[in-house]
Amino acid sequence: MIKLNNRSKIKKSKIRVGRGIGSGKGKTSGRGVKGQKSRSGVSIKSFEGGQMPLYRRLPKRGFNSLKKDNIAILNLDKIQFFINKKTINPNDVLNFSTLKKLNLINKNSKKLKILGTGEIKDKINIVADLASKSALSKLEKIGGSIQLKK
């Protein structure tokens, strides 16, 4: 059997340190006396008492390419989903700038690639930087087109 507590909630005010002897947290404000940790502006977060710290014991991993292009990818089923939701008008030309304005691709992207996952029912014209073979064939089959920028 669960017994619920029907007392009203007690709102405890936060302890304001350094506000005089009567507060119980005056003078040293609960920091003890002297030493590095009693001073302000001290940060010894990853210090392990002279032991080699964890971030230096672990090996470095990974690689960040300088030439990495931020390519936004968009699948045909996603395009169809946005057409059904009436976010995209199938009569308009779908290009990089309109997708960016509608927040359907990341604003940091530099190029747009259309991939052929899923089915598309509506005839649509797309202007993109890159496209997969399956996306090209599926769009041509329904009468749409992808114009690739050089």
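Structure: above.
This text gives an overview of the structure that appears in the document. Within any chain, residue numbers begin from 1 and follow the written order of that chain's sequence. The predicted origin of the model limits local features to residues at a pLDDT of at least 70 and limits the giving and counting of side-chain atom pairs to 80 or more, whereas totals for whole chains, interfaces and linings rest on all residues. Hydrogens and water molecules were not included; the side-chain quantities draw on all heavy atoms of the structure.

### Points about the sheet that holds strand S5 (residues 130-131)
And then number 1: Pairs of strands are assigned from DSSP output, requiring at least two bridges between the strands. Put simply, DSSP marks the helices as runs of H or I at least four residues long and the strands as runs of E at least two long, and each gets a number from the N terminus on. Across the sheet, three strands lie side by side as S1-S3-S5; this open sheet has parallel pairing. On the outer flanks of this sheet lie strand S1 (71-75) and S5, each paired with one strand and no other.
And then number 2: As defined by bridge partners, strand S3 (residues 111-115) adjoins S5 across two bridges and the pair is classed as parallel. Its bridge partner lying in S5, Lys113 is registered against Leu130.

### With respect to the nonpolar core
And then number 1: Ile79, Ile88, Leu99, Leu112, Ile114, Ile124 and Ile126 are the most contacted members of the largest nonpolar core, which has 21 residues in total.
And then number 2: Of all the secondary structure elements, the ones that give two or more residues to this core are S1, helix H2 (76-84), helix H3 (96-101), S3, strand S4 (125-128) and helix H4 (133-142).
And then number 3: Residue contributions to this core peak at four residues, all from H2.
And then number 4: When checking whether two residues touch, look at their non-hydrogen atoms; a contact exists if any pair is within 4.5 Å. Excluding its chain neighbours within four sequence positions, the residues that come into contact with Ile79 are Leu74, Ile88, Leu94, Ile114, Ile120, Ile124 and Ile126. Buried Ala, Val, Leu, Ile, Met, Phe, Trp, Tyr and Cys residues form a nonpolar core when they are joined through side-chain atoms within 4.5 Å. Only protein chains enter the accessibility calculation, which uses a 1.4 Å probe; a residue whose area is less than 20% of its type maximum is buried, one above 50% is exposed, and one in between is partly exposed.

### A short note on the pairing of S3
And then number 1: The alternating pattern of S3 places Leu112 and Ile114 on a buried face, while none of Lys111, Lys113 and Leu115, on the opposite face, is buried.
And then number 2: Two elements, S1 and S3, share five bridges in a ladder whose sense is parallel. Note that in S3 the partner of Asn75 across the bridge is Leu115.

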